[in-house]
Structure formats: structure tokens, C-alpha cells
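# An overview of the molecular structure
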Amino acid sequence: MTLRTALLIGVLLAVGCARAQEAPPVVELGSAPLLRDALPADTAWTDTEQQVQALLEEGGTVVVHFWAPWCHNSRNEYAGGFWPGVIAAHDDVRFVFVTVFNDGRLSSDVLDDAGIPSDVVRLAQPDYGPSNKRRNRRQTFLGLPLTWTPTTWIFNRRGRLAYAVNYGEVDAALMQTLLAKVGTDWSH
């Protein structure tokens, strides 16, 4: 047997084994009336997740912004100073700021310093243990992946996730564009 033949057999075996594995289940969030319906029945939500879900069920556009007080990107975003203006310009949108990866502490002082109005919903998501250990941090929220700070999600008036900015900082122009688009009459 030549080296080329042995290599080909090895590749075919690897591909065959990989194809024999069962594919993970696909959950189509857009088809579920609410995110809770997309989760397995035994998934327990935190009080924070239940409060956000209740807001989504009320209807209307909801912006959920995840941040951590120790996170450089979160602090940099607040230093930009655009959030108070965006919030003031959209009185028809409910804003929720959720502190994550911070031992379940809110850190309202940071939000106050950033000019986030006190009538904005402020919540803290608890972790499984001390947040300074990554393995203790919750990696989902409402059944969706949450692994980066800051992260901003925008839910449409039907309580469905319309936009997820999961890579970090947003700015006023991006928020204005997304909020204008989520308010249009679309069939998604």
C-alpha cells in the first residue's frame, strides 16, 4: 500500500465518522412566539431573565444591553456618552441594562456616571459562582448565547429578537439605524 493510498483511506474514514455523527438540533427563534418556547422544558431561567421576558411579553420594542463594570469595552462605550441621547430620542422604546459577569451585582454607580437615566430598567444577572472564574459565568440569556461584553440585543414589538450586536461596542449611528429598521413593518 502506498503512502498516498493510506492517506486517502484515512481521510475517507475520518469523513465517514464525522458524517455519522448526529447533527445538533436546530431551533428557529423567529418561528416561536416567545423565546421561552424555544427552550427545553427543564431550562430554569434566573429572576433577571424572567423579568426581561415579562417586558418582552408586554409588547413594544425592547433594547437589552449587557455590560460589565470591569470590562474595558463597556467602559469605553459609556465614555462615548451616546446612550443618554439615544434613550431620550426613543421614548417609545424600553431600554434594559443588564450587568453580567459581576457576581450578581448591579453597579448602578457606573450607570449613573454614564448618564443612564434612572427610569431605565436596571438588572443584574447572577452567575453560578464567583464571576472572576470564567467557568462560573452564565453563557446564555433567554436561551441565547451571551459570551461578550458589551452586547446589545433589540427585540421587535412582537418580542422576537430582531438584531443582536454580539461583538462589542455600539455607537449612536448604529443604534439609530437598528431602531429605525426594527420599527418598520416587516414580516420576519
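Scroll up a little and you will see the structure.
The notes below deal with the structure included here.

Cut-offs and rules
- Residues numbered from 1 in each chain as written.
- Predicted model: local features only at pLDDT ≥ 70, side-chain atom pairs only at ≥ 80, totals over all residues.
- Heavy atoms only, no water.
- Helix = DSSP H or I, 4+ residues; strand = E, 2+ residues; numbered from the N terminus.
- Buried < 20%, exposed > 50% of the residue type's maximum accessible area, 1.4 Å probe, protein only.
- Arc of directions from axis to C-beta.
- Contact = heavy atoms within 4.5 Å.
- Polar contact = N/O pair within 3.5 Å; in protein donor to acceptor, adjacent residues only side chain to side chain.
- Pairing = 2+ DSSP bridges.
- Phe/Tyr/Trp six-rings, centres within 6.5 Å; stacked < 30°, edge-to-face > 60°.
- Lys NZ or Arg CZ within 6 Å of the ring centre and 35° of its normal.

Bringing unusual backbone geometry into the picture now. Of note, the bond from Thr-149 into Pro-150 is cis; its omega dihedral lies within 30 degrees of zero at -10°. Examined against the element boundaries, Pro-150 turns out to sit in the loop between strand 5 (144-145) and strand 6 (151-155). The backbone of Phe-101 sits at a positive phi, close to 55°, despite the residue not being glycine. In this structure, Phe-101 sits in the loop between strand 2 (94-99) and helix 5 (108-113). You will see that Leu-142, though not glycine, has its phi angle at about 55°, which is positive.

So, about helix 6 (residues 172-182). Taken as a whole, helix 6 has its buried residues at Met-175, Leu-178, Leu-179 and Val-182. With its buried residues spanning 95° around the axis, helix 6 presents them on a single face. Residues of helix 6 that are buried sit in contact with strand 1 (62-67), helix 4 (83-89), strand 2, strand 6 and strand 7 (161-165). N-capping of helix 6 is provided by Asp-171, with a side-chain oxygen placed 3.3 Å from the backbone N of Ala-173.

Here we come to the pairing of strand 6. Burial runs high along strand 6: five of the five residues are buried. Here strand 6 shows no split at all, with Thr-151, Trp-153 and Phe-155 on one side and Thr-152 and Ile-154 on the other all buried. The sheet contact formed by strand 1 and strand 6 spans five bridges and is antiparallel. Each residue of the ladder has a partner; that of Val-64, found in strand 6, is Trp-153. Here four bridges tie strand 6 to strand 7, and the two strands are oriented antiparallel to one another. Directly across from Trp-153, in strand 7, lies its bridge partner Ala-164. Linkage of strand 6 to strand 7, two consecutive antiparallel strands, is achieved through a turn of five residues, within which Gly-159 is found at a positive phi near 80°.

Turning to the packing of aromatic side chains, a few remarks are in order. Summed over the entire model, instances satisfying the criterion amount to nine aromatic pairs. For the pair Trp-83 and Phe-95, a centre-to-centre distance of 6.4 Å together with 85° between the ring planes defines the contact as edge-to-face. Here the residue Trp-83 occupies a position in helix 4, and Phe-95 occupies one in strand 2, the gap between them amounting to twelve residues. The exposure class assigned to Trp-83 is buried, which follows from its relative accessible area of 1%. Residue class for Phe-95 comes out buried when judged on its relative accessible area of 4%. For the cation-ring pair, Arg-138 lies above Tyr-128, with the distance from its terminal atom to the ring centre recorded as 4.2 Å.

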